[in-house]
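Spelled out from the first residue to the last, the chains are:
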Amino acid sequence: MVLVTALTEALGLRVPLVQGGMQWVGTPALAAAVTNAGALGVLTALTQPTPDALRQAIRETRALISDDIKAERKGKYGEIAVNLTLLPSINPPDYEGFTRAAIEEGCRIFETAGYNPGPIIKIAKQHNCYVIHKCTSVRHAKSAEKLGADMLSIDGFECAGHPGEDDIGGLVLMARAAEELKVPFIASGGIANGQGLASALALGAAGANMGTRFMCTKEAEVHDNVKKAMVDADERNTTHIFRTLRNTARVYKNKVAVEVVRLENRPGGAKFEDVRELVSGARGKKVYETGDIDAGVWSAGITVGLIHDIPTCKELVAQMEADAEKHISRLATLVSHKQSNTQAR
Ligand code: NAD
């Protein structure tokens, strides 16, 4: 059996799974491993210091991708996507430069996320690229659809990183997306196993986007202590920072995150400048490099409660595919061919 959806058909994937575009985690090694497992690997543009460094990262990723996958995706949009997240940043990035560098390197799939993807979508569509826009509300999804996004990635409240300010859980958000959108969408936030993938498909999604789950794989280039912290965590071990700044971000609940929340909740609140040093991405990067899980804030979704192992990407994707198929088959057995009581009346 195989799962065939609008996502697998459009991009030539074996399995309807996309890796989340994670800052400092979406590196060539992980993106290539996810793609080699039959899903879609995603390079995070802003993890690279410059557009030229992104070019190099794209070449490195391609060199790690198997010939089988290259052959399978020929005539589609290529083997990997590049993520561009448009959110407040301490050092505003050269988004357009990153986009053009990726296109010049032959990348034809983009995942945009955050505010106003219009200018990026415009450049990407001029070069016949496929754009997946990730957003946290149906109204933003509809705007992106009008701007030309080919697919939406609908990010429920369970997600790691920025869930927006509406606090709508995936169960309702996906069903609303299915009601409103004309283009296909994938489900993001809260999915870490085959049952989650099957549920996303049942809600009308064409697949699922997973960040936290792929971060806890052998190929993710984050320190083992971070992976161990995720395996040991339960679903209550994340917290929201930046709620009061309207740039909410779900992160692992460590000492720094607790301190940021304390500063935000003190009388008079906190301005970004008051927490800037604690929350900087450069500090978060140290967590992944050194394994000191309290060195800075780092993103994690509620799915940490569902993560109990550190598989290879190939093992993870194969297990999820098999489990999703098992759950879909099990659901089919619930449909009885006998006349229902309601019909009988
Ligand atoms: P950074 O060091 O620039 O900022 C650290 C955090 O502070 C980020 O969450 C950022 O959104 C927030 N921030 C920055 N300026 C702010 C302001 N004026 N008001 C409120 N919040 C503010 O972040 P970084 O780790 O170097 O990442 C660079 C960019 O990538 C940021 O915009 C970040 O949000 C974004 N990001 C991307 C992903 C992804 O999946 N691609 C994941 C997490 C964050």
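Going by the annotation in an unreviewed UniProt entry, the name recorded for the protein chain is Probable 2-Nitropropane dioxygenase, with Pseudozyma flocculosa given as the source organism.

Asks: A description of the overall build of the protein chain should follow, citing residues and the corresponding values.
Replies: Helix and strand counts for the protein chain stand at 16 helices and 10 strands. Relative to its length of 345 residues, the protein chain is compact, with a C-alpha radius of gyration of 20 Å against a globular reference of 20 Å. For the protein chain, the spread of C-alpha atoms along the three principal axes comes to 65 × 50 × 40 Å. Going through the 345 residues of the protein chain one by one, you find that 49% of them count as buried. For the protein chain, long-range pairs separated by at least 24 residues make up 63% of all intrachain contacts whose partners lie at least 6 apart in sequence.

Asks: Could you give an account of the site of the ligand, with specific residues and numbers?
Replies: Neighbouring the ligand are 22 residues, the closest being T85, L87, P88, I90 and G281. For the shell around the ligand, the secondary structure elements donating two or more residues are β3 (80-86), α13 (272-279) and α14 (281-290). The class makeup of the residues in the shell around the ligand is 10 nonpolar, 12 polar and no charged. Residues lining the shell around the ligand come from more than one domain, with at least three contributed by each of domain 1 (6-221 + 308-316) and domain 2 (238-299).

Asks: Any details on the pairing of strand β5 (residues 130-135)? Residues and values, ideally.
Replies: Summarising burial for β5: five of the six residues are buried, a large majority. The sheet contact formed by strand β4 (residues 109-114) and β5 spans five bridges and is parallel. Considered in β5, the bridge of A113 is made with K134. Assessed by its sense of winding, the connection that carries the chain from β4 through helix α6 (residues 118-126) to β5 is right-handed. By the bridge criterion, four bridges tie β5 to strand β6 (residues 151-155) in an arrangement that is parallel. Along β6, the bridge assignment pairs H133 with L152. Once the chain exits β5 it traverses helix α7 (residues 138-147) before rejoining the sheet at β6, and the crossover so formed is right-handed.

Asks: Lay out the domain arrangement of the protein chain in plain terms, naming residues and giving numbers.
Replies: Taken as a whole, the protein chain is organised into domain 1 (6-221 + 308-316) and domain 2 (238-299). Here the C-alpha centroids of domain 1 and domain 2 sit 24 Å apart. Facing the 12 residues of domain 1 at the interface are 12 residues of domain 2. In terms of residue class, the side of domain 1 that touches domain 2 is built from eight nonpolar, three polar and one charged.

Asks: Describe in detail the sheet that holds strand β7 (residues 185-188), supporting the description with residues and values.
Replies: The pairing of strands in a sheet happens through backbone hydrogen bonds and is either parallel or antiparallel. Reading across the sheet, the eight strands line up as β1-β8-β7-β6-β5-β4-β3-β2 and stay open at both edges, with parallel pairing between neighbours. The open sheet has two edge strands with one neighbour each: β1 (17-19) and β2 (41-44). Averaged over all pairs of adjacent strands, the angle between their axes in this sheet comes to 30 degrees, without regard to strand direction. Both β1 and strand β8 (residues 208-210) contribute to a ladder of three bridges, which runs parallel. Bridge pairing links L17 to A208 in β8. The strands touched by α6 within the sheet are β3, β4 and β5, with β4 carrying the most contacts at an inclination of about 170 degrees.

Asks: Give a description of the packing of helix α3 (residues 51-63) against helix α5 (residues 95-104) that names residues and reports values.
Replies: Two quantities define a packed helix pair, namely the angle between the axes and the distance from one axis to the other. Relative to each other, α3 and α5 sit at 30 degrees, their axes nearing to 8 Å. What the angle tells us is that α3 and α5 run roughly parallel. Remark: the crossing between α3 and α5 carries right-handed chirality. Residues P51, D52, L54, R55 and I58 of α3 lie in contact with α5, whose contacting residues are G97, F98, A101 and A102. Looking at side-chain class alone, the contact of α3 with α5 contains six nonpolar, one polar and two charged residues.

Asks: I'd like to hear about the environment of H127, residue by residue, with values.
Replies: Examined against the element boundaries, H127 turns out to sit in the loop between α6 and β5. Its 15 C-beta neighbours within 10 Å are what place H127 among the partly exposed residues. In this structure, the C-alpha to C-alpha distance between H127 and G106, residues 21 residues apart in sequence, is 9.8 Å.

Asks: With reference to specific residues and values, describe helix α8 (residues 170-180).
Replies: Within the span of α8, buried status applies to G170, L173, M174 and A177. Looking straight down α8, one finds its buried side chains confined to an arc of 95 degrees; they lie on one side. In this fold, the buried residues of α8 make contact with α7, β6, β7 and α9 (194-202).

The rules behind these values
Residues numbered from 1 in each chain as written. Predicted model: local features only at pLDDT ≥ 70, side-chain atom pairs only at ≥ 80, totals over all residues. Helix = DSSP H or I, 4+ residues; strand = E, 2+ residues; numbered from the N terminus. Rg over C-alpha atoms; globule rule 2.2 N^0.38 Å. Buried ≥ 20, exposed ≤ 12 C-beta atoms within 10 Å, placed from the backbone. Contact = placed C-beta atoms within 7 Å. Near = placed C-beta within 6 Å. Nonpolar A, V, L, I, M, F, W, Y, C, P; charged D, E, K, R; others polar. Domains from an automatic or database assignment. Pairing = 2+ DSSP bridges. Right-handed = clockwise from strand over helix to strand, strands pointing away. Axes fitted to C-alpha atoms, helices over the stretch in contact; angles between N-to-C directions. Parallel < 35°, antiparallel > 145°, perpendicular 65-115°, else oblique. Left-handed = near helix turned anticlockwise from the far one by under 90°. Arc of directions from axis to C-beta.

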